[in-house]
Amino acid sequence: MVDNTLKYNKGLDILKQSTFRITKQRKDLLAYLSKFETTYIPVTEVDAYMQKLYPNASHTTTYRNIKEFSDLGIIEQRTEDGQLNVKFQCDFVTPHHGHFFCQNCHRVIKLDATLAPKLQADLAQFVVLTVKLEIFGLCDKCQKNQAS
């Protein structure tokens, strides 16, 4: 796993290359989110954290910054049970990847979502715009704990 400082710096570099201003609030949000590479966190929890740091900031600001970070590929987002959840980007080189979700500990493990040659051949007559690979089950650690 990459050190949080390295992840934070990669996110900051992407932010610096964008048209968005580098504010203390955005840097604090980025630092907080960089702690969540292997688990998704509800946006409401992110907002609550930011409200503690910036009690006078609007909720809209936090949600807008999260959307901007997502658009830039700094964070990943998904909706589960009607709630938006986010996590820090776990692979800046291949942002289009899949995830394995442990149903017990909620750990998220990155998967290579490259289409297999057979699947590509089967879809040759189509234009594939996006692939979303999500697999749910028990991770190796939880399986070991259940066996004990």
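Computed from a predicted model, the values in this text were never measured in an experiment.

A word on the environment of Asp-13
Structurally, the position occupied by Asp-13 is in helix H1 (residues 4-17). Looking at Asp-13, the relative accessible area reads 39%, which means it is partly exposed. The sequence separation of Asp-13 and Ile-74 amounts to 61 residues, and the corresponding C-alpha distance is 9.9 Å.

Some points on the UniProt feature "binding site: Zn(2+)" (unreviewed entry) in the chain
Mapped onto the present numbering, the UniProt feature "binding site: Zn(2+)" (unreviewed entry) falls on Cys-102, Cys-105, Cys-139 and Cys-142. Annotated residues spanning 41 residues; largest pairwise C-alpha distance 8.2 Å, indicating a single compact cluster. Looking at the element boundaries, Cys-102 is found in strand E4 (residues 98-102). Contact partners of Cys-102, with chain neighbours within four places excluded, come to Arg-107, Gly-137, Leu-138, Cys-139 and Cys-142.

Section: the sheet that holds strand E1 (residues 41-42)
In spatial order, the strands read E1-E3-E2; together these three strands make up an open sheet with antiparallel pairing. Across the chains shown, the open sheet's two edge strands, defined by having one partner strand only, are E1 and strand E2 (75-80). Both E2 and strand E3 (residues 83-88) contribute to a ladder of six bridges, which runs antiparallel. Following the sheet pairing, Thr-79 is matched in E3 by Leu-84.

Observations concerning the packing of H1 against helix H2 (residues 24-33)
At a minimum axis separation of 9 Å, H1 and H2 run at an interaxial angle of 140°. Taken together, the axes of H1 and H2 lie oblique to each other. Remark: the crossing between H1 and H2 carries right-handed chirality. In this structure, H1 uses Tyr-8, Gly-11, Leu-12 and Leu-15 to contact H2, whose residues at the interface are Arg-26, Lys-27, Leu-30 and Ala-31. Residues that form the contact of H1 with H2 fall into these classes: five nonpolar, one polar and two charged.

Description of unusual backbone geometry
Phi at Asp-81 is positive, roughly 55°, even though this residue is not glycine. Along the polypeptide, Asp-81 turns up in the loop between E2 and E3. You will see that His-106, though not glycine, has its phi angle at about 70°, which is positive. Looking at the secondary structure, you find His-106 in the loop between E4 and strand E5 (108-111).

Thresholds applied
Residues numbered from 1 in each chain as written. Predicted model: local features only at pLDDT ≥ 70, side-chain atom pairs only at ≥ 80, totals over all residues. Heavy atoms only, no water. Helix = DSSP H or I, 4+ residues; strand = E, 2+ residues; numbered from the N terminus. Buried < 20%, exposed > 50% of the residue type's maximum accessible area, 1.4 Å probe, protein only. UniProt positions renumbered as here; feature names shortened; annotations may be inferred. Contact = heavy atoms within 4.5 Å. Pairing = 2+ DSSP bridges. Axes fitted to C-alpha atoms, helices over the stretch in contact; angles between N-to-C directions. Parallel < 35°, antiparallel > 145°, perpendicular 65-115°, else oblique. Left-handed = near helix turned anticlockwise from the far one by under 90°. Nonpolar A, V, L, I, M, F, W, Y, C, P; charged D, E, K, R; others polar.

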